[in-house]
Amino acid sequence: MKTPFKVMTAAAIAGAVAVPAAATPAAAAATPDAIAFEMDGEVTVVQWEDYIDAIADGEGELYDYVMNASPHAVSVEEGKFIEWDDLVDAIVDAEEGTESADVLEDLAQDENTEFVPEETVNAWNDGMDEEVTVESVSAITPTTVEVTFNQEVEAFDRNDVTIEGEDGDRVFVSNVELAEDGQSATLTLYDELTDESSYDVTVESGEETLTDSFDFLYGEIAEIQVQNQTIKADTATEIEYEVLTDTGLNVTDSTDVTFNSTVPGSITGDEITLADGESAFVTISAGDETSDRFRVTANASEAVELGEYTVDTTGSMIDWDADDFEADYDVAVDQDATLETYFVDQYGEAAAGDVTFESLTPSVLIVDESTGELTPRTEGTADVRVTNGSVSEIVTIEVVEAAEFTNLSFSQDGDLLGGDITLNPNVENGQETVAVNLQDQYGDDFAADETLTVEVDGDSVDVTNLDNDSDASNGVQIDTGADGEVNLDLETVDGESGTSTVTVMNSDGTITGSFDVNVEEAGEIADYNIEGAQELDLNTSNTDTAETTALKVFPVDENDVKVSDAVDATWTITDENGDELSVSPVTTTDGELNLSTDGSGEVDLDTEGTYTFEATVGSLEVATETVEVVDTEAPYDVTQTDNSVEVGSTGGDLFAAVKGALEITQDGSTVDVSNIDSVEVLSDDTSVISEGGEATFTLNSTNTTSVIGETGDATLFIDSIMIDGKNVPVDFQMEASVTDTTAGDAPTLASTTVASDDIDTGSLEITNSDADEALDIVISTDNDASDGLDSSYTVENDVAANTATTLDYSDVFQTDGSTDGEYFVYSVDDSNNYEQASNTITVDASAPMLTSAAGSDATTILVSSNEDLANVNASGAGFTVTDGDSTDYAVTAASLQTGDDSVIELTVADYSGATGDINVSFTTQTDEYEDAAGNDTESTTSALTFTP
């Protein structure tokens, strides 16, 4: 007996409609593509594979749905559905033993089968909403991660992504690039991933929280991919290559490589420079891997296409890439202009080369062959051939008629009149100024000196800057300036109201323009109106918005006609929370309340929102108006770039450290963190970081040191940052470590100079003067310990408090002078905090040497040393003076030359009759002829000779 399909379970449906394992290809082709289920009047299409999987899983959202919904239709092939009841009837009517797949096959091929109308199928949902998931996460480079999704996701930015390592440390994202189809994103990181580590990734996209993890394995360099390249001649060009590891990671940016070239000196860094037509073979090596040999060829820039052309009337350099650049292809008959072109070379850049021009329509337009200067001859369309190297293009220029005076325009306060204007004799003395401008046929202002006739039809208004003796109703002439502009000063006529028409025309009346002036007659005061309320912008750089306005209160009659000028009022000002501003109330004395967002007004509105202004005249509140303050400046985007900050317990700068762990962008451009005014902080350990014991405080430049407490760690929770006066909400967390930077007391020692004779047997006592702490005693030639000590020598570790240690000179210094110099003495604690002694050790183990001799007169010889001497033997002992015949000239005295301690002045026997050169020799004398350190002058190895 057959089972009725209408009462079958979902699992039974799967079994009944499923294709047998041994089904033929034809039967397999008849497997349902999808099943449509109905629940609560809504039909949902479920793909067959998803349906089978749900039944097999026995749980989940889709499983629950199909178990509770009713089968509505089944597809016999993609897009073609038959009603479920029709399928049931067909199976019931089939011969005993007929497979369900065969029934589906027959229905699909039977021309009498009634399919569900296509428009009905299109109206059904294409399956239940699929859960958004992360399909995969993988590292592309050490600083780039790719995330793929099973479907399109909403846009998200770097602050919506969290990457966390096994140790809980975050890896911060500097940029997110979402693919055009929204199904993958490339995450750029600030720092490299750690080799052989696992990371968890969380993406907040719209209302979805998407998570996954990935393992990062750097691997070994396995391949360097290269290809032949063509570069621009004589231009340093980066060589293109990729370094890949055996894990498929692109490590190009983090791998040091070596370039080898057949052209010596052609490669600097990773850039190669070659002359036009020159080629070089190059290989790249990294570790044990070397790339295949590839060829780099240089060719000079040459035009390959005409990118753009324009008619230029300014004579200025054209910025072809400017956002507001618009090409102009017209030139007027009497206009001075030049044809400018932009050719593109084979590298996609502006092409070099000389451009030539040829007018193909000289009857309309002449073009200078080399400069492109245009000489229009008559109206019409002109073709011009422009040529750069092998590229030749024909461009079209329209020569239009010369600009001429054809129209008049009227404007009030810089704005073109849209129709009539209204004057009130009770306001601003009933006066107004209207500017008249000549215009050409193209709608542009036309500069020319023109005599115009002005007529006024009506009694309610006068044009006061015309000749007062003239009757404007009969027409009065007025001249424009050379700029083609003139003002008309309008004033109401006492006792008159109604509409007057002002008409302006050229001398022959062929060009006219007019506007109406309505003069209102006011009645008694019936109410008060506020004028001047408008939207203000905090972004003072936006020239399209206002940052100032003036509010005025006018008494008006029952028709809202002003009865008088603005009156003084007292203004009560509240923000959108109903809180009164600190400057409120404000009383005006000149009839207007000046508002601003740039600090220039009486009331400065420096925060976005809606402000309410209540005007009180006398003691009565008469009118209320609101002003909206907006900020059109692009918002700041703040990103945390580091998990932790470290500051010293003494003199630390927490504000600078926190700013250093942040990055700011605005509209895609980087903003320097120095623009951060303050940071709102909550510390979880007030003994380490707090303001006077308070966990919550505002961190800024004034308290950056005082908030630092004991050494240790505190977690800082940051919920907002003030940048250039703008509050930016954030949700950051970083670990702050306070390290011990309090050094012990400086050691003490006698200021000492060490000579060569002292080194072998001498020593120096150095005392740890700290009363509480054992310290290391270190000497170094480095006079700045802020970044550690260079070339340091530890005299002794852990010298007890108030205890001396001994420096043996022979342990550190050499008698050959190689260790000469000034040495600084430090005490160092366990945290490597340094404190420098006030006295120093000077090592001078280099003996003075005599370098030359010269005669001063027949009985005086000057002998020079390579350094200053501290003393000499007054008798001149140690010196021998002879001539070329070995005649000896006795030395009777020696002294240091006045003003120069590096010169010894010898008094000798008269050598005026000497034969040949004079030879001076010296033999070392103990404790005589010493330098300041006490080093004896060395003996001469050969005589010092001079010619008398």
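Note: the structure precedes this text.
These figures come from a predicted structure and were not determined experimentally. (Residues numbered from 1 in each chain as written. Predicted model: local features only at pLDDT ≥ 70, side-chain atom pairs only at ≥ 80, totals over all residues. Heavy atoms only, no water.)

Okay, the pattern of salt bridges next. Enumeration over the complete set of coordinates arrives at nine salt bridges. Of the charged contacts, one joins Lys232 and Asp345 as a salt bridge, the two residues approaching to 3.4 Å between their closest N and O atoms. Note that Lys232 is positioned in strand β14 (residues 229-232) and Asp345 in strand β25 (residues 337-345), a separation of 113 residues in sequence. Pair check on accessibility: Lys232 and Asp345 agree, each one buried. A salt bridge links Glu633 to Lys726; the shortest N-O distance between them is 2.1 Å. In this pair, Glu633 is assigned in the loop between β49 (620-630) and β50 (636-640) and Lys726 in strand β57 (residues 726-739), connecting sequence segments 93 residues apart. Among the charged side chains, a salt-bridge network with shared partners connects Arg158, Asp637 and Glu663. (Salt bridge = Lys/Arg side-chain N within 4 Å of Asp/Glu carboxyl O. Helix = DSSP H or I, 4+ residues; strand = E, 2+ residues; numbered from the N terminus. Buried < 20%, exposed > 50% of the residue type's maximum accessible area, 1.4 Å probe, protein only.)

Inspection of every chain in the model, using the stated rule, returns 18 aromatic pairs. Relative to Phe259, the ring of Tyr241 has its centre 5.7 Å away and its plane inclined at 80°; by these criteria the two rings are edge-to-face. A residue pair is termed long-range when its members are at least 10 positions apart, and Tyr241 in the loop between β15 (237-238) and β16 (242-245) and Phe259 in strand β17 (residues 258-261) qualify at 18 residues. Each of the two residues, Tyr241 as well as Phe259, counts as buried. A connected cluster of aromatic rings, assembled from ring pairs, spans Phe37, Trp48, Tyr51 and Tyr65. Between the NZ or CZ atom of Lys80 and the centre of the ring of Phe115, over which it lies, the distance is 5.4 Å. (Phe/Tyr/Trp six-rings, centres within 6.5 Å; stacked < 30°, edge-to-face > 60°. Lys NZ or Arg CZ within 6 Å of the ring centre and 35° of its normal.)

It is at 10 Å that the axes of helix α5 (residues 84-93) and helix α6 (residues 100-109) come closest, and there the two elements cross at 120°. The crossing of α5 and α6 is right-handed. Contacts between α5 and α6 involve Leu87, Ala90 and Ile91 from the former and Ser100, Val103, Leu104 and Leu107 from the latter. By residue class, the composition of the contact of α5 with α6 is six nonpolar, one polar and no charged. (Axes fitted to C-alpha atoms, helices over the stretch in contact; angles between N-to-C directions. Left-handed = near helix turned anticlockwise from the far one by under 90°. Contact = heavy atoms within 4.5 Å. Nonpolar A, V, L, I, M, F, W, Y, C, P; charged D, E, K, R; others polar.)

This part covers the side chain of Ser500. You can see Ser500 is positioned in strand β39 (residues 498-505). Note on Ser500: relative accessible area 0%, which makes it buried. Of the polar contacts made by the side chain of Ser500, one reaches the side chain of Ser460; its length is 2.7 Å. What Ser500 contacts, discounting residues up to four positions off in sequence, is Val456, Asp457, Gly458, Asp459, Ser460, Val461, Phe515, Asp516 and Val517. (Polar contact = N/O pair within 3.5 Å; in protein donor to acceptor, adjacent residues only side chain to side chain.)

We now examine the nonpolar core. Within the largest apolar cluster, 45 residues are counted, with the highest numbers of intra-cluster contacts made by Phe156, Ile163, Leu187, Leu193 and Phe214. Setting aside anything within four residues of it in sequence, one finds Leu187 in contact with Thr143, Thr144, Val145, Val147, Phe156, Val161, Ile163, Val173, Asn175 and Val176. Val647, Phe655, Ala661 and Val688 belong to the second largest nonpolar core, which has 32 residues in total. (Core = buried A, V, L, I, M, F, W, Y, C linked by side-chain atoms within 4.5 Å.)

It is worth spelling out the sheet that holds strand β60 (residues 775-780) at this point. Hydrogen bonding along the main chain pairs the strands of a sheet, whether they run parallel or antiparallel. Spatially, five strands are ordered β58-β64-β63-β60-β61 in an open sheet, and the strand pairing comes out mixed. Lying at the two open borders of the sheet, with one neighbouring strand each, are β58 (752-755) and β61 (792-799). The sheet shows a mean angle of 25° between the axes of neighbouring strands, direction not considered. Taken together, the five bridges between β60 and β61 define a ladder with antiparallel strand orientation. Directly across from Ile779, in β61, lies its bridge partner Tyr793. (Pairing = 2+ DSSP bridges.)

Before going further, it helps to spend a moment on the pairing of strand β35 (residues 451-457). With four bridges connecting them, β35 and strand β37 (residues 476-479) associate as antiparallel partners. Its bridge partner being in β37, Leu452 is matched across the sheet by Ile478.

Reading across from one edge, β65-β66-β69-β68 is the order of the four strands in this open sheet, with antiparallel pairing throughout. The open sheet is flanked by β65 (850-857) and β68 (891-897), the only strands paired with a single partner. Across the sheet, the mean angle from the axis of one strand to that of its neighbour is 25°, orientation sign disregarded. Note: β65 against strand β66 (residues 860-865), six bridges, orientation antiparallel. Directly across from Ala853, in β66, lies its bridge partner Val863.

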